[in-house]
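# Architecture at a glance
Residue strings, one per chain:
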Amino acid sequence: MEKSVFKKIYEIFKKEKGEIFLVGGSVRDMLMNKELTDFDFATSLPPQKTRETLNKNKIKNFPVGIAFGTVGAIIDGKEVHITTYRKKETYRPRNRKPAVEFGETLKEDLKRRDFTINTLAISPDGKIIDMYNGAKDLSEKLILTPSNPDESFEDDPLRILRAFRFQSQLGFKIENTTYKAIEKNAFRLMYISEERIQAEMTKLLLGDFVVKALAEMMNAKVLNFFIPELYPLKNLHQESEQHHKDVWLHTLKVVENTPKDATLRWATLLHDIGKPYVKAEEKDQIHFYRHEELGAKMAYSILSRLKFPKELKEDISFLISKHMRANLYTPEWTDSAVRRFIKEMGARLDKVLILSRCDITSYRKEKVREKIKMLDELSERINSLNSIKGLKYPLSGNDIMEYFNLPPGRLIGKIKEFVMNEVIEGRLPQETKKEIYFEAASTFLRSITKKSKN
Ligand code: ATP
Ligand code: MG
């Protein structure tokens, strides 16, 4: 399948005397025996000519970023990207988008790439082209720039973040000279668009080696230039005995425990950021009252800064605001307490429970076992009451206005909530005739009108 994609492309371009090579991440992943998800090609033909060539051969194509010289095409049902050779690009802080100039040769196109492991290419006859030592660095698992790292990071500071992103995905080491240049140039991340940072950070958070990458980012003070709120977690101790993990190490542990899901991983990364600001010591106990509420607010503004869509911001900050709830569970909770918990968590219930589970990182084994046991019990009780999860209001506002002949107003909402609550608390059945609900609503209405008369 994949071979046929290459062959087809190569033949078509050869007829037009265009050079074309498979390049970048595609070649890297292929040499690492990974399944290819991206097919990136580089060509000597200008974008317009690429499109004409594809059209001539009846291959569906579309502009992806014509300003960047990229054309998308569908070949054998796969989307491929074909980009015209480029010259080294310099990132201009003022307009915050790289300026693009097309290049003449494959060599200069490969030279402007971020890391040596991304400079490999495969020629039409299947030969590996390795002009910047990429194969060796790939086998030695090293991340380094193909040219002077200081210049490279100045040209496009996002590469600093990409270095850690590849470290997180591949488990590679950042080579020393490149690492030093990262420390020196980290401040330049202040001038990168938030959208680009967000995209790289999310990929980074989903990597297999995320903890190593985050730990090094903290040490290199890279995080400080786009999520400075994380810095105070370092050396913030939660137990009077200082040998315990600080909040940053705890956070890393929690991220490590978290399944690969962007919402969950962002939530775990930020779940304790409120702690530094509410630390209180009482006798020999340390408390962080309401850190989850403050943390949720802080997370919302961090995510706004990074231009996250509203829904994701709301999900993540909701998870943070509730991350303490499930771990407060005790067997004394009544069924209605469990029902209220289910209702409060709504559609995010499953994720709240996952986050709570990941948050258990104590050194003391019995403590961990005890807490997990409680969460298991809570989950079991939730499952047995599960039908309440998608509960809709038994009576709608319209039902109530019609039945009692009332005008719209706050009273309607009150009655609606009352009936719902009776169901949640188990005093009214979940599915029954509406009359039963109306009856309960009448009693409630009488009781409040009586109260207001007195
Ligand atoms: P992924 O598997 O996540 O797509 P990738 O290596 O393909 O990883 P992309 O962001 O898709 O990464 O970029 C494709 C290629 O373009 C890279 O392999 C690299 O050669 C080059 N590249 C991308 N971004 C930059 C950059 N900011 N500076 C230099 N080269 C870059
Ligand atoms: Mg790619």
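Helices and strands together make up the secondary structure of the chain, namely 20 helices and eleven strands. For the chain, the C-alpha radius of gyration of 29 Å lies well beyond 22 Å, the compact-globule estimate for 454 residues. Projecting the C-alpha coordinates of the chain onto the three principal axes gives extents of approximately 90 × 60 × 40 Å. Per-residue burial for the chain yields a buried fraction of 49% across its 454 residues. In the chain, the proportion of contacts linking residues at least 24 apart, taken out of those at least 6 apart, comes to 63%.

Here the focus is the pairing of strand 3 (residues 61–65). Examined bridge by bridge, strand 3 and strand 4 (residues 70–75) share four bridges and lie antiparallel to one another. Across the sheet, residue Asn61 finds its bridge partner in strand 4, namely Ala73. Hairpin connection from strand 3 to strand 4: four residues lie between these consecutive antiparallel strands, with Gly69 at a positive phi of about 80 degrees.

With that settled, the discussion passes to the site of ligand 1. Close contacts around ligand 1 come from 17 residues, with Arg28, Asp156, Arg159, Arg162 and Arg165 the closest. Here Gly25 contributes a backbone N or O atom positioned 3.0 Å from an oxygen atom of ligand 1. Residue Asn118 places a main-chain N or O atom 3.2 Å away from an oxygen atom belonging to ligand 1. For ligand 1, whose unbound accessible area comes to 590 Å², protein coverage reaches 81%. Counting only elements with at least two residues in the shell around ligand 1, the list comes to helix 2 (25–31), helix 7 (158–170) and helix 9 (194–205). Per-element accounting of the shell around ligand 1 gives the leading share, four residues, to helix 7.

In a soluble, globular protein the nonpolar side chains are often hidden away together inside. With 100 residues, the main nonpolar core has Met201, Leu214, Trp266, Leu269 and Leu270 as its most contacted residues. At seven residues, helix 7 tops the list of elements feeding residues into this core. Residues from two domains meet in this core; each of domain 1 (1–140) and domain 2 (227–388) gives at least three. For Leu269, the residues in contact, after removing those within four places along its chain, are Met201, Leu205, Leu214, Ile227, Leu230, Trp248, Thr251 and Val255. Among the nonpolar cores identified, the runner-up in size contains 18 residues, and Ile415, Val419, Met420 and Leu428 belong to it.

Another point: the packing of aromatic side chains. Inspection of every chain in the model, using the stated rule, returns nine aromatic pairs. Plain terms: the ring middles of Trp266 and Phe308 are 5.1 Å apart, the flat faces sit at 80 degrees to each other, and that makes the pair edge-to-face. With a gap of 42 residues between them, Trp266 in helix 12 (residues 262–270) and Phe308 in the loop between helix 13 (291–305) and helix 14 (310–321) connect regions that are remote in the sequence. Here Trp266 and Phe308 have matching classes, each one buried. An aromatic cluster is defined as three or more aromatic residues linked by ring pairs; in this entry it consists of Tyr329, Trp333 and Phe341. The side chain of Arg348 reaches across the aromatic face of Phe318, ending 4.5 Å from its centre. Sitting over the ring of Tyr393, Lys416 keeps its end group 4.5 Å from the ring centre.

Packing of helix 13 against helix 14 leaves a shortest axis separation of 8 Å and a crossing angle of 160 degrees. When the axes of helix 13 and helix 14 are compared, the pair comes out roughly antiparallel. The way helix 13 lies across helix 14 gives a crossing that is right-handed. For the pair helix 13 and helix 14, contact is made by Glu292, Gly295, Ala296, Ala299, Tyr300, Leu303 and Ser304 and by Lys310, Lys313, Glu314, Ile316, Ser317, Ile320 and Ser321, respectively. Tallied by class, residues from the contact of helix 13 with helix 14 come to six nonpolar, four polar and four charged.

This paragraph deals with the domain arrangement of the chain. Here the domain parsing of the chain yields domain 1 (1–140), domain 2 (227–388) and domain 3 (397–453). Each of domain 1 and domain 3 has a C-alpha centre, and these two points are 65 Å apart.

The rules behind these values
- Residues numbered from 1 in each chain as written.
- Chains lettered and ligands numbered in written order.
- Predicted model: local features only at pLDDT ≥ 70, side-chain atom pairs only at ≥ 80, totals over all residues.
- Heavy atoms only, no water.
- Helix = DSSP H or I, 4+ residues; strand = E, 2+ residues; numbered from the N terminus.
- Rg over C-alpha atoms; globule rule 2.2 N^0.38 Å.
- Buried < 20%, exposed > 50% of the residue type's maximum accessible area, 1.4 Å probe, protein only.
- Contact = heavy atoms within 4.5 Å.
- Pairing = 2+ DSSP bridges.
- Near = heavy atom within 4 Å.
- Polar contact = N/O pair within 3.5 Å; in protein donor to acceptor, adjacent residues only side chain to side chain.
- Areas by Shrake-Rupley, 256 points an atom, 1.4 Å probe, with all protein chains shown as cover.
- Core = buried A, V, L, I, M, F, W, Y, C linked by side-chain atoms within 4.5 Å.
- Domains from an automatic or database assignment.
- Phe/Tyr/Trp six-rings, centres within 6.5 Å; stacked < 30°, edge-to-face > 60°.
- Lys NZ or Arg CZ within 6 Å of the ring centre and 35° of its normal.
- Axes fitted to C-alpha atoms, helices over the stretch in contact; angles between N-to-C directions.
- Parallel < 35°, antiparallel > 145°, perpendicular 65-115°, else oblique.
- Left-handed = near helix turned anticlockwise from the far one by under 90°.
- Nonpolar A, V, L, I, M, F, W, Y, C, P; charged D, E, K, R; others polar.

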